[in-house]
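Spelled out from the first residue to the last, the chains are:
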Amino acid sequence: MHVLSKEDFSEFINSLIAETSLNVVGVKSKGEKFAFGPLESANQLRLDYDVTILPPKKYFFPQRETLVTYDVSSGYQSKSLADVKPTIIVGAHPYDIMAMLHMDEIFRETKSDPNYLTRRNSSVIIGVNIQNMSESCFASSMGCATIDYGYDLMLTDLGDKYAIDVGSHKGADLLNKYSKNVKKALARDIQSVGKKKQKIMNKTQQEFGFSSELIPEMLGKFYEKTSFWEDHSEECLSCGSCVLVCPTCYCFDVMDNPDLSLKTGERGRTWDGCLLEDFAKISSGENFRNTKSARYRHRYFKKGKYLFDRFGFVSCVGCGRCSSNCLPDIANPVNLFNDMYDESLKIGIQIDPATIPDIKIKTGDTIDYAPKIATIVKKVPMTANETMFELKLDDGSELGHQPGQFVQVSVFGVGEAPFGVSSSPTKKDTFELCIRKLGNVTSKIHTLNEEDKVGIRGPFGNGFNAELLKGKDLLFVAGGLGIVPLRSLFNYVLDNRNDYGRVILLYGCKEPRELLFGDEILSLADRDDVEFKSTVDRCPENEVWNSNVGVITTLIPQVDFDPQKTYAIVCGPPIMYKFVIRDLKSHNVPDDHIIVSLERRMKCGVGKCGHCQINQLYVCKDGPVFNYSKIKGIPEAL
């Protein structure tokens, strides 16, 4: 540990500011509040602040940033961050430093986010121990009021000087190069720092009446206490203020911003929040969290349970920004968790400290947000609202997908949307997408013609395990647009027919005119190696239909199969699953013999934007194909 007089510390900061190769930011006054901003002089620094309006994560994960630029004539390009200046952040409190460490794990998991990590790895964090604590702060209860790691330099105010704890080689190099008169700390200085840190722990005005180690387990016991969540969320405005100021929130939306010429533009991301009404709404209109109590509950579960189950930490650092920015004053985690704990005592629920989960998070390649260019080689209208597009990547590469995976399709200036690949991997050179006209992106795609260009990212997610299914009897159950991703596996099985046992396809749609892949599907009746039955919910008087009329479950009793030898592959609208699975279970099909493909809103495709999250799972990378035994009982999954 070292010490530096406050006068010399000011000179140190001014030397950093004078270095044109550095971007120096720190805490400054903003009216009666405080905010991180560019420093022009050390005199602007307010290291005695209580809390800033926004956390310093904004320097690594900006409120708005460009991911990709595009030019209709030349395609998409990821925006280069090669010219990013190293950012020196002066004055981060320990809880905000801990929040950065949480964000690091999230943004490097599976596929690393290059924009976040480029900025983060070039930064230097100069922290400061808390001098004045916000009345909403409960960092002590979360173990984040003081920390011993995660910073490059950590300051402690000792009156006429700062004690400086060096936390990294970057911090040491910065101190050696730009500071003068640095002295080694004496024993009494080190002792004073210890007393200051202990005093900080006792400053909090907000605290739990229990150990924070109980939070994940306690939440797990309260998920289905509907009245508890309804009561606490009754005054929620669904404004999202609490999550938009949170230092560990990472959800974002992605949208295109075209220039006036409509020939060039940018694709950017902006902060988003799970408290907003349409956050979990999918293209077909279903909203998997359509009540404010469900969204309110999700906010707490994401922080205290879901991320704990995935990463092993409760992703709340106790900064208190959420409660201080909530107009109806209902976002205070301390109040909610204390009420929850009191309620658990009242009704006799035993809460034990959570067991740290077995973390199996892997890191891999970096994300490329720039799509490849593909050409539409065939366009086949299938119904009034669905069209099949056959595409070929312009660089000559194969898509390389597994049955059941999806791609993100981009249209210049309009945006990007996910679609399941409907063709088998055995189809070489090109791939097929069947797209329903619903929103802006799909409506624009439907106006495109052969030889027009789109962007393709992917394939993404986990598909059907065709190897595992070899030798098994297969029962395919498809409803409506669910035939699209299911078709990729079905055709793969037909192309490798000798590798599989019985093949049964049950397919239903609302009306005969909505039948997809009509000639292809109906021709199955002529095959002796496939059993096929179809149904429609209703048949208008002016249409001809010679098969079953009724919902998809009316077909299940019409086929005889051995449940121990049969694997059921189910895909359709969300409402269909519980009824199909119920009937399969009534026929004694084991849970691990049921495979489903789920639909969720997916903006990034790599588990970063948060839109497709169900508990600790992300549909875009942990799915969209799931074994029912793995998601049975998971709230919001089915």
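Engineer: Looking at this structure, how should I read empty space enclosed by the protein?
Structural biologist: Once rolled over the atoms, a probe with the size of a water molecule shows which space is left empty. For the coordinates displayed, the defined rule picks out seven cavities of 30 Å³ or more. Looking at the largest cavity, its volume works out to about 210 Å³. The wall of the largest cavity is formed by 23 residues, among which R299, K303, C316, C322 and P333 lie closest to the centre. At four residues, helix α9 (residues 292–311) tops the list of elements feeding residues into the lining of the largest cavity. Lining the second largest cavity are 14 residues; nearest its centre among them are C236, C239, C242, C326 and I330. Within the residue set of the lining of the second largest cavity, elements represented by two or more residues are α8 (241–244) and α9. Tallied by class, residues from the lining of the second largest cavity come to ten nonpolar, three polar and one charged.

Engineer: Sorry if this is basic, but what is going on with the packing of aromatic side chains here?
Structural biologist: Tallied over the full model, the rule gives 27 aromatic pairs. For the ring pair F107 and Y116, a centre distance of 4.5 Å and an interplane angle of 15° mean the geometry is stacked. For F107, a relative accessible area of 0% corresponds to the buried category. With a centroid separation of 5.7 Å and an interplanar angle of 50°, the aromatic rings of F406 and F460 are classed as tilted. Taken together, the residues span a long stretch of sequence, with F406 in strand β17 (residues 406–411) and F460 in strand β20 (residues 453–460) at a distance of 54 residues. An identical accessibility class is assigned to F406 and F460; each is buried. Sitting over the face of the ring of Y162, K6 holds its NZ or CZ atom 5.3 Å from the ring centroid.

Engineer: Any chance you could explain helix α12 (residues 440–447) here in plain terms?
Structural biologist: An α-helix turns once per 3.6 residues; consequently, residues spaced three or four apart project the same way. Residues V441, T442, I445 and H446 constitute the buried set of α12. The arc that holds the buried residues of α12, viewed along the axis, is 135°, so those residues lie on one side. Residues of α12 that are buried in the fold lie against β15 (372–381), β16 (386–393), β17, β18 (415–420) and β19 (431–436).

Engineer: Where do I start with the side chain of N287 in this structure?
Structural biologist: In this structure, N287 sits in the loop between β13 (264–271) and α9. A polar side-chain atom of N287 sits 2.8 Å from the main-chain carbonyl oxygen of E277. Every residue in contact with N287, bar those within four places of it in the chain, is listed here: E277, D278, A280 and K281.

Engineer: Got a minute to help me understand the pattern of salt bridges in this structure?
Structural biologist: A side chain of one charge can pair with a side chain of the opposite charge if their charged atoms are brought near each other. Considering all chains together, one arrives at 40 salt bridges under this definition. One salt bridge in this structure joins D253 and K603, with 3.2 Å as the shortest N-O distance. In this pair, D253 is assigned in strand β12 (residues 252–258) and K603 in the loop between β26 (594–597) and β27 (613–614), connecting sequence segments 350 residues apart. K453 serves as the salt-bridge partner of D394, at 2.9 Å between the closest nitrogen and oxygen. Here D394, found in the loop between β16 and β17, pairs with K453, found in strand β20; they are 59 residues apart in sequence, far enough to count as distant. Judged by relative accessible area, which is 39%, D394 ranks as partly exposed. The structure contains a network of salt bridges with shared partners spanning K378, E390, K427, E432, R487 and E520.

Engineer: Is there a simple way to explain the sheet that holds strand β2 (residues 23–30) in this structure?
Structural biologist: Adjacent strands of a sheet form backbone hydrogen bonds with each other and so pair up, either parallel or antiparallel. Taken together, the eight strands give an open sheet; going across it, the order is β3-β2-β6-β8-β9-β10-β1-β11, and neighbouring strands pair in mixed fashion. In the strand order of this sheet, the two ends are held by β3 (33–38) and β11 (183–184), each with one partner. This element, helix α2 (residues 94–108), spans β6 (87–92), β8 (124–128) and β9 (153–157) of the sheet and lies at about 145° to β8.

Engineer: Got a minute to help me understand the layout of surface pockets in this structure?
Structural biologist: Of the pockets and cavities examined, the second largest pocket occupies roughly 550 Å³. Around the second largest pocket, the lining comprises 27 residues; the ones closest to its centre are K111, P459, F460, G605 and V606. Among the elements of the structure, β7 (110–112), β20 and α16 (619–622) are those that each provide at least two residues to the lining of the second largest pocket. At five residues, β20 tops the list of elements feeding residues into the lining of the second largest pocket. Of the residues contributing to the lining of the second largest pocket, the split by class is ten nonpolar, eight polar and nine charged. Three or more residues apiece are contributed to the lining of the second largest pocket by two domains, here domain 1 (2–202) and domain 3 (372–460).

Criteria and thresholds
- Residues numbered from 1 in each chain as written.
- Predicted model: local features only at pLDDT ≥ 70, side-chain atom pairs only at ≥ 80, totals over all residues.
- Heavy atoms only, no water.
- 1 Å grid on protein atoms, 1.4 Å probe; cavity = no way out; pocket = protein on both sides within 12 Å on 5 of 7 lines; lining within 4 Å.
- Points joined across faces, edges and corners; volume = space filled by probe spheres on them.
- Helix = DSSP H or I, 4+ residues; strand = E, 2+ residues; numbered from the N terminus.
- Nonpolar A, V, L, I, M, F, W, Y, C, P; charged D, E, K, R; others polar.
- Phe/Tyr/Trp six-rings, centres within 6.5 Å; stacked < 30°, edge-to-face > 60°.
- Buried < 20%, exposed > 50% of the residue type's maximum accessible area, 1.4 Å probe, protein only.
- Lys NZ or Arg CZ within 6 Å of the ring centre and 35° of its normal.
- Arc of directions from axis to C-beta.
- Contact = heavy atoms within 4.5 Å.
- Polar contact = N/O pair within 3.5 Å; in protein donor to acceptor, adjacent residues only side chain to side chain.
- Salt bridge = Lys/Arg side-chain N within 4 Å of Asp/Glu carboxyl O.
- Pairing = 2+ DSSP bridges.
- Axes fitted to C-alpha atoms, helices over the stretch in contact; angles between N-to-C directions.
- Domains from an automatic or database assignment.

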